[in-house]
Amino acid sequence: MLKGKKLKLPDRLGSLVAGFEDKDEDSGGSGSVCELGEELEILQPTGFRSDRESETDDDHDHNEVQEEEPMVKRKMKADAELEHNGRQPRHEKDGSSHISVIKTIEADEKRSDIEYEISQKEINLEKLQRIASTGIPEGGNLRATVWKLILGYLPPSRDLWEKELSENRKKYAKLKEELLLTPSELARMKEEAFQSNEHSNAHSDTAGPLIRHEISHEDHPLSLGKASVWHQFFEHTEIAEQIDRDLQRTHPEMKFFSGESSFGRKHRESMRNVLLLFSKLNPAIRYVQGMNEVLAPLYYVFSTDTDEKNASNAEADSFSCFVLLLSDSVDHFCQQLDNSSVGILSTLSRLSDLLKANDEELWRHLEFTSKVKPQYYGFRWITLLLTQEFNLQSILRIWDSLISSPFGIQEMLLRVCCAMLLCVKSRLLSGDFAANLKLLQHYPEINIEHLLQVAQDLTPDTSYYRLSS
Amino acid sequence: MVLVLALGDLHIPHRAADLPPKFKSMLVPGKIQHIICTGNLCIKEVQDYLKTLCPDLHITRGEYDEDTRYPETKTLTIGQFKLGLCHGHQVIPWGDLDSLAMLQRQLDVDILVTGHTHQFTAYKHEGGVVINPGSATGAYSSITYDVNPSFVLMDIDGLRVVVYVYELIDGEVKVDKIDFKKTPATTHSAH
């Protein structure tokens, strides 16, 4: 909603913008235009805001790789304005088809760039990272392959891919066998290996009393001993139940994950195996609610890989990449480490410092005036890597930037969180504790490209670097 | 992997006050999928207690049960196995293998679980397997006063059953294991 102030739009638009007036309260847009419309809404000029916006736009021009991009944005903004004024979508149709053509060209260019990079024998990871941080186009197996490469799952030399992949997948299958079998299956396999004769005698058709074998106190299903296979199995059953419950709630709007089709069930089962295995291999952390959300985008990307072999091994691949993705932030899940230097509270205070370094006014307002501490909103943002704040498509785009950021995933994550705060600054400044908390816990829809650009442009918090050893 | 608890002849409150504490500590909810009870509980409170361990509870009537609505015999299918349940006081002579085998053929089950003798037994004959879980409280029977508390836990896994026998001997829980497989050919009716 345009608050009655004239937006300063650069000349580039020329005639499209001439004679333009802002009208209040015209609920706007539809479809793709709406996104940009939203952008305008949030960044409404409180003097500072509009300056910042045109600033970033200008920066945009300089930093953007493609020439067309700013032009596209301007045009889309203009269309949004038109909509707001109730002018008929004739322009929009014209505009948006023009826009979509340009966007398709851009996407194709990027796609061929990435494909070129991946097809090299020795892949230049830095270059790939740079391209990936501007967003990986949909389609094909680009995203899956690029993520695997940058996370370190696939080695940079193409020749080693086959070997690495098959080794890792075999390792995963073996782990599954070792850790995910029920005790009765385990016992059965042990016996089959054993092949004792007395068993075959008992099975012959001679009638009579059955032979009793004495067993130790650990070896029966009701055993309460810690070392008992059965006891451990039942402990993990509880975790498995929790995992199942959470998986039912993962992305319920997507057919891929939810619903009773064999499709959805198969995916949930694979994810269940991954999470269960992870909890067994990390007894200190086990399973924490939310890990299912972090796994979901990974698993989704890998199973929608157009390469058949990759898609069918999505479970194994997503397990390894899940571990890699969480490698520096897994401590966030451990409650005991909350107050330590690697725990979540320390990370949250870094977020606070980052905000302070970039926008002291907002920081002051949040910390002192409205007393909204980062714990209240940031905990979920950071531990779950923003998976609960946006829809899946946006998450994939954000993760492109997170994973390929030269600062590292955690650093980039803090930047994105800070950018999220900055982008709703005006609403935050005018809100009290309750309103701000509500806003931040139900983060509004926003243009992701803009958000990521803001995150990119933040001044780093140098105090952290001075203190850390 | 399906865990089935088989027990019976508790005779609470007439002949015994409760299950032995060592048994009670082992029987926790969440592990067992089915409970089959041969009978002689005798009161409703015992049924309620068993219900808390597992919602799927099957009981047949023993001669001292206060609830007269339990059936005389019951059959159920768990996995690949057909199980039959009967208290056993109806089968004379009590505890006689051949008579029980007749009952088993009548019910057409792979595993017949009966009680009444308060002694654990497990027999195999051509028709199948007969298991008597004994008395879970160690209550005296019509035949003898010398009874060790015992019950049975069956782990049904495909065509294989592992029977865990829990017995309280001299205050200590002893666990034994019995294995048997069902060959697909043994599902034949009486010849």
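- The name given to chain B in an unreviewed UniProt entry is Vacuolar protein sorting-associated protein 29, with the source organism recorded as Gossypium anomalum.
- Under the UniProt heading Sequence similarities (unreviewed entry), the entry covering chain B gives this text: "Belongs to the VPS29 family."

- Looking at an unreviewed UniProt entry, one finds chain A named Rab-GAP TBC domain-containing protein, with Gossypium stocksii as its source organism.

**Brief notes about the overall build of chain B**
- Tallying secondary structure elements over chain B gives three helices and eleven strands in all.
- Counting helices and strands in the order they occur from the N terminus, chain B gives β-α-β-α-β-β-β-α-β-β-β-β-β-β.
- Within chain B, the proportion of its 191 residues that are buried is 58%.
- Looking at chain B alone, contacts between residues at least 24 apart form 54% of all its contacts between residues at least 6 apart.

**Quick look at the sheet that holds strand β5 (residues 81-86) of chain B**
- In spatial order, the strands read β1(A)-β7(B)-β8(B)-β6(B)-β5(B)-β4(B); together these six strands make up an open sheet with mixed pairing. Across the chains shown, the open sheet's two edge strands, defined by having one partner strand only, are β1 (208-209) of chain A together with β4 (73-78) of chain B.
- Relative to strand β8 (residues 128-133) of chain B, strand β7 (residues 120-125) of chain B runs antiparallel, the two sharing six bridges. Each bridged residue has a counterpart across the sheet, and for H125 of chain B the counterpart in β8 of chain B is G128 of chain B.
- Packed on one face of the sheet, helix α3 (residues 97-107) of chain B meets β4, β5, β6 (111-114), β7 and β8 of chain B and runs near 125 degrees to β6 of chain B.

**Quick notes on the environment of H450 of chain A**
- Here H450 of chain A shows up in helix α22 (residues 448-457).
- Placed 31 residues apart in sequence, H450 of chain A and A419 of chain A show a C-alpha to C-alpha distance of 9.4 Å.

**Let's talk about the pairing of strand β9 (residues 150-157) of chain B**
Residue and element names in this part refer to chain B.
- Among the eight residues in β9, eight count as buried, and that is most of the element.
- In terms of strand pairing, strand β1 (residues 2-7) meets β9 through five bridges, oriented antiparallel. Pairing of A6 across the sheet is with V152, part of β9.
- Taking the residues between adjacent antiparallel strands as the criterion, β9 and strand β10 (residues 160-169) are bridged by two residues, where G158 takes a positive phi near 70 degrees.

**Things to note about the packing of aromatic side chains**
- In this structure the tally under the stated criterion is 20 aromatic pairs over all chains.
- Centre to centre, the rings of F23 of chain B and F151 of chain B are 4.7 Å apart; their planes meet at 85 degrees, and the pair counts as edge-to-face. Of the two residues, F23 of chain B is situated in helix α1 (residues 21-26) and F151 of chain B in strand β9; the sequence distance between them amounts to 128 residues.
- We classify F23 of chain B as buried; its relative accessible area is 0%.
- A relative accessible area of 1% means that F151 of chain B is categorised as buried.
- An aromatic cluster is built from F256, F257, F263, Y299 and Y300 of chain A, whose rings are joined through pairwise contacts.
- Lying over the aromatic face of Y64 of chain B, R15 of chain B brings its terminal NZ or CZ to 5.0 Å of the ring centre.
- Lying over the aromatic face of Y49 of chain B, K24 of chain B brings its terminal NZ or CZ to 4.7 Å of the ring centre.

What counts, and where the lines are drawn
Each chain has its residues counted from 1, following the order in which its sequence is written. Chain letters start at A and ligand numbers start at 1, both assigned in the order the entries are written. Per-residue local features are limited, in this predicted model, to residues with pLDDT of at least 70; the limit for side-chain atom pairs, both in listing and counting, is 80 or more; totals at the level of whole chains, interfaces and linings are taken over all residues. To get the side-chain values, take all heavy atoms of the structure and skip hydrogens and water. UniProt positions are given in the numbering used here, feature names are shortened, and annotations may be inferred rather than shown by experiment. Helix and strand assignments follow DSSP, with helices taken as H or I runs no shorter than four residues and strands as E runs no shorter than two, numbered in order from the N terminus. Three labels apply to residues, based on accessible area from a 1.4 Å probe with only protein chains included: buried if under 20% of the type maximum, exposed if over 50%, partly exposed otherwise in between. Residues count as neighbours in contact if any of their non-hydrogen atoms are within 4.5 Å of one another. Pairing between two strands is assigned when DSSP locates at least 2 bridges connecting them. The axes used here are C-alpha line fits, helices contributing only the stretch in contact, and every angle between their N-to-C directions lies in the interval 0 to 180 degrees. Planes of paired rings set the category: under 30 degrees apart is stacked, over 60 is edge-to-face and the rest tilted, where pairs are Phe, Tyr or Trp rings (Trp by its six-membered ring) whose centres lie within 6.5 Å. Whether a charge sits over a ring comes down to the Lys NZ or Arg CZ being within 6 Å of the ring centre and within 35 degrees of the ring normal.

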